[in-house]
Amino acid sequence: MLLADRFLGDCMKYFVTGAVLLVSFALAVPAIAAPGQCSITGLDPFDCDVTVDGGGITFALPSGETFVFAHEADGEGLGYLIPAEPQPGRYPEELGRFVPVESEPGCWLGDKDGMKFCAALVQ
């Protein structure tokens, strides 16, 4: 299990990243939302509620859009962006395949345009 200590303000919080999130994929449990910290290319890191279930990771962006990582195998999967106000007949934007970033636990890099996202649960 990978834990990274971080100081936010004057209290210590623990972030669970990478391997712990991937282990969660293997569990056939209902989706669980937990406080976390997320980042995605083009945005500064932000507080988020990370939902982890047996099929991936989901979190809302500050714009109201929702990022979805659908896990397939070996830590890899597909990324999607769901509009803030979905409409009938409108499909999510496919962001391409994402692979884990070896040097940054809890981060994945996209093959389509180099987009990177990171998600860490606060423990």
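Residues numbered from 1 in each chain as written. Predicted model: local features only at pLDDT ≥ 70, side-chain atom pairs only at ≥ 80, totals over all residues. Heavy atoms only, no water.

(A) A look at the pairing of strand E8 (residues 93–100). Bridge count for strand E7 (residues 76–82) against E8 is five bridges, and the pairing is antiparallel. In the sheet register, glycine 77 faces E8, and the bridge partner there is phenylalanine 98. Pairing geometry for E8 and strand E9 (residues 107–110), over three bridges, is antiparallel. Across the sheet, residue phenylalanine 98 finds its bridge partner in E9, namely glycine 110. (Pairing = 2+ DSSP bridges. Helix = DSSP H or I, 4+ residues; strand = E, 2+ residues; numbered from the N terminus.)

(B) Examining the nonpolar core more closely. Of all hydrophobic cores here, the largest spans 20 residues; its most connected members are Phe59, Phe67, Phe98 and Phe117. Looking at this core, the elements that each hand over two or more residues are strand E3 (32–40), strand E4 (46–53), strand E5 (56–60), strand E6 (66–73), E8 and strand E10 (116–122). Counting residues per element, this core draws most heavily on E4, which supplies four residues. Residues contacting phenylalanine 59, with those up to four places away along its chain left out, are Cys38, Ser39, Phe46, Cys48, Asp49, Val50, Glu65, Thr66, Phe67, Phe117, Cys118 and Ala119. (Core = buried A, V, L, I, M, F, W, Y, C linked by side-chain atoms within 4.5 Å. Buried < 20%, exposed > 50% of the residue type's maximum accessible area, 1.4 Å probe, protein only. Contact = heavy atoms within 4.5 Å.)

(C) Spatial organisation of the state of the cysteines. On inspection of all chains with the given rule, the structure shows two disulfides. Each disulfide of the protein chain joins two cysteines, and with those cysteines numbered along the sequence the arrangement is 1-2, 3-4. (Disulfide = S-S within 2.5 Å.)

(D) Examining the pairing of E5 more closely. Direction of pairing for E4 relative to E5: antiparallel, over a ladder of three bridges. When the sheet's bridge partners are listed, threonine 51 is paired in E5 with threonine 58. The antiparallel hairpin formed by E4 and E5 contains two residues in its connecting segment. Here five bridges tie E5 to E6, and the two strands are oriented antiparallel to one another. The residue bridging threonine 58 from the neighbouring strand is valine 68, located in E6. In textbook terms, the turn of a hairpin is the stretch between consecutive antiparallel strands, and for E5 and E6 this stretch comprises five residues, one of which, glycine 64, has a positive phi near 100 degrees.

(E) The packing of aromatic side chains, seen in detail. Within the structure shown, the criterion is met by nine aromatic pairs. With centroids separated by 6.2 Å and ring planes inclined at 45 degrees, the aromatic side chains of phenylalanine 59 and phenylalanine 117 adopt a geometry described as tilted. Linking phenylalanine 59 in strand E5 with phenylalanine 117 in strand E10, this pair joins segments that are 58 residues apart in sequence. For the pair formed by phenylalanine 59 and phenylalanine 117, the shared burial category is buried. Geometrically, the ring pair formed by phenylalanine 67 and phenylalanine 98 is edge-to-face, given 6.0 Å between the ring centres and 80 degrees between the ring planes. With phenylalanine 67 in strand E6 and phenylalanine 98 in strand E8, this residue pair connects regions lying 31 residues apart in the sequence. By relative accessible area, phenylalanine 98 is classed as buried at 0%. Three or more aromatic residues link up through ring pairs in this structure, and these residues are Phe46, Phe59, Phe67, Phe69, Phe98, Trp108 and Phe117. (Phe/Tyr/Trp six-rings, centres within 6.5 Å; stacked < 30°, edge-to-face > 60°.)

Geometric descriptors of this kind do not, in isolation, establish any biological role.
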